[in-house]
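Residue strings, one per chain:
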Amino acid sequence: MLGEQLLGNLIQGLVLGCVYGAATMGLSLIFGVLRVVNVGHGAFIMVGAFTALLLFNVFGINPILAVPVALLIGLGLGFAVYYLVMQRLVQAPELASLLATFGVGLLLEETVKQVFGSEFRGYYWSVGQLDLGVTVLPMTKLYACVGSVLVAVLLYIWHRKTRAGRALRSVVEDAEGARVCGVNVNWVYAMSFAIGIGLTVLGGVLLTMFIPVGINPYMGGVYTLKAFVIAVLGGLASPYGAFFGGLVFGIIENGSYTLLATIEGVEPFALTRALSFIMLLVILLIRPTGLFKTK
Amino acid sequence: MSPSRTRLVRYYALLPVLGAYLVLFLIGNGQPDMWQLVAMLAFYCALGQAFNLFLGMTGYVDFGYVAFAGVGTYGMAISISHLSAVEGIGGWAIVIGLLLGTTMATLLSLAVGAVALRLRGAYFAIATIGVNEGLRYFVEGARIWNGSDGIIFSRDLRLIFGREAATALSTFWADVLVLLIAALAGVVTLLFMRSKIGYALTALRADEDAAKVMGVNVTKYKIMAFITSAVFAGLLGATAWALKLTYVYPPDVFEIHYTVEAIVIVMLGGVGTLLGPLVGGLVYGLSKYWLAVTLPGFQLLIFAPLLLVIVVLFPEGLVGVLKKKIGNRPLGKFIV
Amino acid sequence: MVEPLLRAENLTKRFGGLVAVKDVSFTIAEGDLFAVVGPNGAGKTTLFNLINGVLLPDEGRIFFNGKDITRLPVYRRAPLGIGRTFQIPRPFGVASVRENVAIGALFGRAAEKVSVVEALAIADEYIDRVGLQAHGDKPSIALTPVERKLMEIARALAMKPRLLLLDEAMAGMNPKDIDELVNFLKRIKDEGVAIIALVEHIMRAVAGLAERVMVMHQGSVLTDTTTEAALTHPKVVEVYLGKAPG
């Protein structure tokens, strides 16, 4: 039945979208606060993927527990990168921070490659599945989806209710004014960057719960592009927009793959990858500020 | 009346550039076993000069730059593979290949530019980051130009030129063309610097909004630099890739790796300068060659932190630092 | 009636809930020396941004030489003859002073006809006129704040403007420099360039600068008249000089 098939497709897309969204929130957070585009975004996702991979294959720790570990790793990396590199580029032209995040991503990829080699790896974690009638959902994907939503909610609470979150919002609103009011703007930048990276690395773990194969040092590139599409869809400066952008993207990507698979003479996988880019161009052409009205 | 040092950039600033390429050629020509190295250095210098035309003059990073070289490669490949059936086509196949490659690069740059160049810095980078990948997967996915099978035209090349000449073309003349492209890119860079275009680009690179207030049509000039840079990339792909390898596969020619190298070369040498890409190309090429021998597989691991160091500590690159040190001496006139 | 050089009609600009410019109208004739006076936040710079095209008005229209330029793109206004300096100078970074001023000449009113070599010569001329001859080759970021202001003026003049928008040109200058600048501006005016100067305090305008003054307060015009009359206008007195005695 076509209706059932569509519904099943939609659910799969939504579930995928949650994870995509969670993995992109860090990108939007960093841009929203520091006005820096983290061009090395994908490399941090890769770090998260490797974290999950190693914890599972070497220590038998399941990916759910890898999430907090990934967050800590990400926070550490984020602070390190900020204080060593990004801090000095606050006044520099945009080009500098673009190249810097690019360089950091490159460095991560090469380091991982040297240490772990460039083969493709994966892990196999099976915990059954959920039969929804219209479609079948592996439990791992469900966990990833729930985890993603949880992360988004926690971020929201932190952003709105804590003092640190308020300091962040004041800096976004008016950095100079915040400084005058006694907010340590540099600390806010460092913290935002670190949390953004933390979210990204964590997102990598969640993504592997979805796709536990193909993990290699250079896997990040694909996700950088997708993250940009999602972030722009959601309005580049808003983490919540990114989450919803992820949902939209997930549905479209999943749906287009299924659709393209029915067309003769094209290769659905490759064409779906090209689709990300086409979507980006279209959005930038007609609505660069994103689909949603964020304040 | 004090003599001005910032009058129009003089043509003699080209001397070290053209001289270097000539020297490279003479070395390689005189020592045949050095030709491989010379060819590689020529490639990196040309890549740098071409990329610098846009990055250096506008301050915008096009992360998808390699796509222009990719379509240039296809242009040559398509030309040769289709024209081999034409009797006595000879050298025209190359000419048409170059024309086709540059036309395709121009069209692609217009398409990308139409969307991306209306956007500011960060958004522009985002828009371009998927160009090469998107194009690669589009070619493979929609199976155009033979899709993921690519085009192999070594046989066609031999058909057109005969075995001996075809080999000479792939192993010698293609590289000579690359040297010429590098030199030409240098000349164009200087011409830009001397002209209204160069001044407009300087203004928009420094402060885009103030430039607009001063009457600079920033979009127009960005497009000009973008297309010029893309055309040179197309020429490079058509010669250094198509003619040398005589085959083209999507994953090879749309590989972001080359954009990375271009960025490192230009930043290392000195972004926005005339000599920078040349110096950067030589240093990078030689280092890579040496590293490949001594520490294979480590190249990018070394260049990545190097890029970071340059961006954070020495954004003006080698030539920039050199300019500061000896810019006031007589020899400084040649360092542009 | 001769068409005025610049005519602004009912200009209004809002930013969210804030009305930065409210129903402002005025005219400028060729060779006028006109001051817009108002404290920070009165809407002066916003008004300039509207004339320049950096911002588009929500309501109202602007005519330059009879032509409706309300929605004309920014870069098309310079060739018409509208030049501008910024409150905080915006030099073109690494470029030398001469190159900066030459850019003004290259894209201003003579844009189609002037060559780079000619532009550089024009640049030299104006650099001399503002007294920066010794600094022609310096990178513009190496200039002191006052020198940057002078360079901005030279750059704007190299455009051969018919209307010069001066944004707080005198801020940060000592009285002697201000006097020199005022005399300089008067000479410019005599050459047929109309000048609109933004000043924060009405006393500056009084110091021999402007014949006509428009006093703004929170986006609206308090008065638009001769300098002397403005000084005694009751509303102006209230806003600037404290409540009138008695």
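Residues numbered from 1 in each chain as written. Chains lettered and ligands numbered in written order. Predicted model: local features only at pLDDT ≥ 70, side-chain atom pairs only at ≥ 80, totals over all residues. Heavy atoms only, no water.

Participant: Could you give an account of the overall build of chain B, naming the residues involved and the relevant values?
Facilitator: Scanning chain B for helices and strands turns up 16 helices and 2 strands. Dimensions of chain B, computed from C-alpha atoms along their principal axes, come out at roughly 65 × 45 × 40 Å. Burial status across chain B gives 59% buried among its 336 residues. Restricting the contact set of chain B to residue pairs at least 6 apart, pairs at least 24 apart contribute 79%. (Helix = DSSP H or I, 4+ residues; strand = E, 2+ residues; numbered from the N terminus. Buried < 20%, exposed > 50% of the residue type's maximum accessible area, 1.4 Å probe, protein only. Contact = heavy atoms within 4.5 Å.)

Participant: Residues and numbers for the packing of helix H2 (residues 35–58) of chain B against helix H9 (residues 196–206) of chain B, please.
Facilitator: Residue and element names in this part refer to chain B. Taken N-terminus to C-terminus, the directions of H2 and H9 make an angle of 55°; their axes are 7 Å apart at the nearest point. In this view, H2 runs oblique relative to H9, as classed from their interaxial angle. Here Gly56, Met57 and Thr58 of H2 lie close against H9, whose contacting residues are Leu201, Thr202, Leu204 and Arg205. Residue composition of the contact of H2 with H9, by class: 3 nonpolar, 3 polar and 1 charged. (Axes fitted to C-alpha atoms, helices over the stretch in contact; angles between N-to-C directions. Parallel < 35°, antiparallel > 145°, perpendicular 65-115°, else oblique. Nonpolar A, V, L, I, M, F, W, Y, C, P; charged D, E, K, R; others polar.)

Participant: Please provide a residue-by-residue account of the interface of chain C and chain B, values included.
Facilitator: Counting residues at the interface gives 29 residues for chain C and 25 residues for chain B. Around 2400 Å² of area is buried between chain C and chain B when both sides are counted, 66% of it from carbon and sulfur atoms. The largest per-residue losses of area from chain C upon contact with chain B belong to C:Tyr75, C:Phe92 and C:Phe107, which jointly make up 28% of the total buried on that side. Between the two partners, chain C and chain B, sit 1 salt bridge. A salt bridge links B:Asp207 to C:Arg90, with the shortest nitrogen-to-oxygen separation between them at 2.9 Å. For the pair chain C and chain B, the interface holds 3 residue pairs in polar contact (both at pLDDT 80 or more). Looking at the side of chain C that touches chain B, the elements with two or more residues in it are helix H2 (97–107) and helix H3 (116–130) of chain C. (Buried area = accessible area lost by both parts, 1.4 Å probe. Salt bridge = Lys/Arg side-chain N within 4 Å of Asp/Glu carboxyl O. Polar contact = N/O pair within 3.5 Å; in protein donor to acceptor, adjacent residues only side chain to side chain.)

Participant: Now, about the packing of aromatic side chains: what can you tell me, with residues and values included?
Facilitator: Remark: the centre distance and the inter-plane angle together describe each pair of aromatic rings, the angle taken between the planes. Counted by the stated rule, this structure contains 35 aromatic pairs over all chains. Measuring from ring centre to ring centre gives 5.7 Å for A:Phe79 and A:Trp187, while their planes differ by 10°; the resulting arrangement is stacked. Of this pair, A:Phe79 sits in helix H3 (residues 63–84) while A:Trp187 sits in helix H8 (residues 185–210); the two residues are 108 residues apart in sequence, bridging distant segments of the chain. Residue A:Phe79 is classed as partly exposed on the basis of its relative accessible area of 24%. Members of the aromatic cluster, joined through ring pairs, are B:Phe51, B:Phe54, B:Tyr60, B:Tyr65, B:Phe68, B:Phe124 and B:Phe226. (Phe/Tyr/Trp six-rings, centres within 6.5 Å; stacked < 30°, edge-to-face > 60°.)

Participant: Explain the interface of chain B and chain A to me, and be specific about the residues and the numbers.
Facilitator: Taken residue by residue, the interface counts 38 residues in chain B and 41 residues in chain A. Carbon and sulfur atoms make up 78% of the surface buried where chain B meets chain A, a total of about 3700 Å² over both sides. Between the two partners, chain B and chain A, sit 1 salt bridge. Residue B:Arg143 is joined to A:Glu267 by a salt bridge in which the shortest nitrogen-to-oxygen separation is 3.0 Å.

Participant: Help me get a handle on the arrangement of the chains, residues and values and all.
Facilitator: The pair of protein chains exhibiting the most contacts, out of 2 pairs of chains in contact, is chains A and B. Between chain A and chain C there is no contact, and the shortest C-alpha to C-alpha distance separating them is 11 Å.

Participant: Before we move on, could you go through the sheet that holds strand S6 (residues 82–84) of chain C and cite the residues and values that matter?
Facilitator: All names here are of chain C. A sheet is described by the order of its strands in space; here 6 strands give the open sequence S6-S7-S8-S3-S9-S10, paired in mixed fashion. The sheet terminates laterally at S6 and strand S10 (220–226), the two strands that pair on one side only. Each adjacent strand pair in this sheet contributes to an overall mean axis angle of 15°, direction not counted. In the sheet, strand S7 (residues 163–167) pairs with strand S8 (residues 194–199) via 5 bridges, with the strands oriented parallel. Counted as the bridge partner of Leu166 is Ala197 from S8. (Pairing = 2+ DSSP bridges.)

Participant: Residues and numbers for the packing of H2(B) against helix H8 (residues 163–194) of chain B, please.
Facilitator: Geometry of a packed helix pair, given as the angle between the helix axes and the separation of the axes. All names here are of chain B. One way to put it is that H2 packs onto H8 with a least axis distance of 9 Å and a crossing angle of 30°. Considered as vectors, H2 and H8 are oriented roughly parallel to each other. When the axes of H2 and H8 are compared, the crossing they make is left-handed. Considered class by class, the residues forming the contact of H2 with H8 number 18 nonpolar, 4 polar and 1 charged. (Left-handed = near helix turned anticlockwise from the far one by under 90°.)

Participant: Describe in detail the pattern of salt bridges, supporting the description with residues and values.
Facilitator: Opposite charge on two side chains permits pairing when their charged atoms draw close. Residue and element names in this part refer to chain A. Counted according to the given criterion, the structure contains 22 salt bridges over all chains. Two residues, Lys113 and Glu110, come together in a salt bridge whose shortest N-O distance is 4.0 Å. Pair noted here: Lys113 and Glu110 are both in helix H4 (residues 94–116), with a separation of 3 residues, about one helical turn. Looking at Lys113, the relative accessible area reads 22%, which means it is partly exposed. Overall, the relative accessible area of 1% leaves Glu110 in the buried class.

Participant: Break down the side chain of B:Lys222 for me, with residues and values.
Facilitator: Residues and elements named next belong to chain B. Residue position: Lys222 is located in helix H11 (residues 218–245). Residue Lys222 is classed as buried on the basis of its relative accessible area of 2%. Reaching out from Lys222, the side chain makes a polar contact with the side chain of Tyr60 at a distance of 3.0 Å. Beyond its immediate sequence surroundings of up to four residues, Lys222 is in contact with Phe54, Tyr60, Leu117, Leu119, Leu204 and Glu208.

Participant: Which residues make up the sheet that holds strand S2 (residues 18–28) of chain C, and what are the values?
Facilitator: Residues and elements named next belong to chain C. Spatially, 4 strands are ordered S2-S1-S4-S5 in an open sheet, and the strand pairing comes out antiparallel. Looking along the sheet, the strands with just one partner apiece sit at the ends: S2 and strand S5 (67–68). As paired elements, strand S1 (residues 6–15) and S2 share 7 bridges and run antiparallel to each other. Its bridge partner being in S2, Lys13 is matched across the sheet by Val21.

Participant: How would you sum up the nonpolar core? Please name residues and give values.
Facilitator: Ranked by internal contacts, the top residues of the largest apolar core, which has 280 residues, are B:Tyr21, B:Ile263, B:Met267 and C:Val101. Counting contributing residues, this core receives three or more from each of domain 1 (1–81 + 163–246) and domain 2 (91–161) of chain C. Beyond its immediate stretch of four places on either side in the chain, C:Val101 contacts C:Ala123, C:Tyr126, C:Ile127, C:Met151, C:Ala154, C:Arg155 and C:Ala158. Residues C:Leu5, C:Phe26, C:Val36 and C:Leu72 belong to the second largest nonpolar core, which totals 28 residues. (Core = buried A, V, L, I, M, F, W, Y, C linked by side-chain atoms within 4.5 Å. Domains from an automatic or database assignment.)

Participant: Could you give an account of a nonpolar patch on the surface, with specific residues and numbers?
Facilitator: Judged by side-chain polarity, A:Val149, A:Leu150, A:Val153, A:Leu154, A:Tyr156 and A:Ile157 come together as a nonpolar surface patch covering roughly 530 Å² of accessible area. Checked against the element boundaries, A:Val153 lands in helix H5 (residues 139–161). (Patch = residues over 30% accessible without salt bridge, like charges linked within 9 Å, V, L, I, M, F, W, Y side chains within 5 Å. Areas by Shrake-Rupley, 256 points an atom, 1.4 Å probe, with all protein chains shown as cover.)

Participant: Quick rundown of helix H1 (residues 44–52) of chain C? Include the residues and the values.
Facilitator: Taken across its 9 residues, H1(C) has 8 buried, putting it largely inside the fold. Within two residues after H1(C), C:Gly53 carries a phi angle of roughly 100°, on the positive side.

Participant: Give me the lowdown on unusual backbone geometry, citing residues and values where you can.
Facilitator: The phi dihedral of A:Arg35 falls on the positive side, at around 60°, and the residue is not glycine. Looking at where A:Arg35 falls in the secondary structure, it is placed in the loop between helix H1 (2–34) and helix H2 (41–59). For C:Asn65, which is not glycine, the phi torsion reads 55° and is therefore positive. Tracing the backbone through its elements, the reader meets C:Asn65 in the loop between strand S4 (59–64) and S5. Residue class for C:Asn65 comes out partly exposed when judged on its relative accessible area of 38%.

Participant: I'd like to hear about the pairing of S1(C), residue by residue, with values.
Facilitator: Residues and elements named next belong to chain C. Counting the residues in the hairpin turn of S1 and S2 gives 2 residues, including Gly16, whose phi is positive at 60°. Where S1 and S4 come together, 5 bridges link them in antiparallel fashion. Bridge pairing in S4 places Thr12 opposite Glu59.

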